[in-house]
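Descriptive structure summary
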Amino acid sequence: MTILVTGARGAVATELIALLRRRGLPVRPASSRPDDPSIVTCDLTDPATFPAALAGVSSVFLYAEPSHADAFVKEAVTAGVEHIVLLSSSAVLTPDPQANPLAKTHADVENALTAAPVRSTLLRPGAFAGNALAWSWPVKAGAPVSLPYPGTYNDPIHEADLAEAAATVLLDPAAGGRAYTLTGPESITCAAQIDILREVTGRPITIREVTRAEWKAEMADHVPGPVADALLDWQQSNDGVPTELTTDLEGLIGRPGRTFATWAREHVAAFTP
């Protein structure tokens, strides 16, 4: 039962590959830009790479790339794939996901899966703990972290916990075939996350509260305008509003998820010169 893991260089996929290998399972890591002979080419924006990557595969861990999702699913069915686990996003649960560029990416792939004759499982996490790495550059430079809404709540989920959840649904037939809304174990503000980073790094990290326009200007080289607007709208809507937590993650991995403080302690080096 070879398992194809796309996006092999990503944080969740890296953890998942290691976890499956520790369990002695045949894994085929795949990436659009393989940097290792053990990784096959599967560029989700290039259907020509799909047949070879999917040959002999029984299950797939799939990242959400919508441009050729229909073609990927069709090729997977042709190859005899029995189960696809999608790393989606809880953004699809917004009232109009097609109007939100963050939600639409994931919703389009979900729709391609649910319309196809293949068993699919949808993992819908909220915020990744690793999103905090965006603050590492100003922290290392001794500069303030720019936040438009310091009081925005989120539910950071550790990437290793997501990998465990993915492994569970890939290996347990009873757990697959449905959607899971996955949250971290705590609802926490961005300002509180900065407090934790300050504590674990021992660095005097400060916050610079900025306007939406200032934040967009700072992020212009990294985040396209429409995506930046969607992120800002999300932050504004969650400013002072605690995130509703679910028990789906604990139900899949059999324990509470790792806290943001745990993630921060594991990644201290990313925030220190």
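Residues numbered from 1 in each chain as written. Predicted model: local features only at pLDDT ≥ 70, side-chain atom pairs only at ≥ 80, totals over all residues. Heavy atoms only, no water.

1. Examining the pattern of salt bridges
- The full count for this structure, using the stated rule, is 13 salt bridges.
- Glutamate 164 is the salt-bridge partner of arginine 258, the closest N and O atoms lying 3.6 Å from each other. You can see arginine 258 sitting in the loop between helix 10 (248-253) and helix 11 (260-266) and its partner glutamate 164 sitting in helix 6 (residues 159-171), a full 94 residues away along the chain.
- Here arginine 198 makes a salt bridge to aspartate 195, at a shortest N to O gap of 2.6 Å. You can see arginine 198 and its partner aspartate 195 sitting in helix 7 (residues 190-201), 3 residues apart, about one turn around the helix.
- Note on aspartate 195: relative accessible area 41%, which makes it partly exposed. (Salt bridge = Lys/Arg side-chain N within 4 Å of Asp/Glu carboxyl O. Helix = DSSP H or I, 4+ residues; strand = E, 2+ residues; numbered from the N terminus. Buried < 20%, exposed > 50% of the residue type's maximum accessible area, 1.4 Å probe, protein only.)

2. Some details on the nonpolar core
- By size, the foremost hydrophobic cluster in this structure holds 29 residues, and its most contacted members are Val5, Leu16, Leu20, Phe61, Leu182 and Leu252.
- Among the elements that make up this core, the one with the highest residue count is helix 6 (7 residues).
- Leaving out residues up to four positions away in the same chain, phenylalanine 61 has contacts with Leu4, Val5, Thr6, Val12, Ala13, Leu16, Val85, Leu87 and Ala166. (Core = buried A, V, L, I, M, F, W, Y, C linked by side-chain atoms within 4.5 Å. Contact = heavy atoms within 4.5 Å.)

3. Topic: empty space enclosed by the protein
- Under the criterion given, the structure shown has 1 cavity of 30 Å³ or more.
- Lining of the largest cavity is provided by Leu44, Phe50, Leu62, Tyr63, Glu65, His68, Ala69, Phe72, Val73 and Val109.
- Secondary structure elements with two or more residues in the lining of the largest cavity: strand 4 (57-63) and helix 3 (69-79).
- Considering every element that reaches the lining of the largest cavity, the biggest residue donor is helix 3, with 3 residues.
- Residues of the lining of the largest cavity, tallied by class, amount to 8 nonpolar, 1 polar and 1 charged. (1 Å grid on protein atoms, 1.4 Å probe; cavity = no way out; pocket = protein on both sides within 12 Å on 5 of 7 lines; lining within 4 Å. Points joined across faces, edges and corners; volume = space filled by probe spheres on them. Nonpolar A, V, L, I, M, F, W, Y, C, P; charged D, E, K, R; others polar.)

4. With respect to the pairing of strand 5 (residues 83-87)
- By the criterion of burial, strand 5 is predominantly enclosed, with 5 of the 5 residues buried.
- Side chains His83, Val85 and Leu87 of strand 5 all project onto a buried face; the interleaved residues Ile84 and Leu86 project onto the opposite face, where all are buried too.
- Bridge count for strand 4 against strand 5 is 5 bridges, and the pairing is parallel. By the bridge assignment, phenylalanine 61 is partnered in strand 5 with valine 85.
- In terms of handedness, the path from strand 4 via helix 3 over to strand 5 forms a crossover that is right-handed.
- Of the pairings in the sheet, the one linking strand 5 to strand 6 (residues 119-125) comprises 5 bridges and is parallel in character. Following the sheet pairing, leucine 86 is matched in strand 6 by leucine 122.
- Between strand 5 and its parallel partner strand 6, the chain crosses via helix 4 (residues 101-114), and the hand of that crossover is right-handed. (Pairing = 2+ DSSP bridges. Right-handed = clockwise from strand over helix to strand, strands pointing away.)

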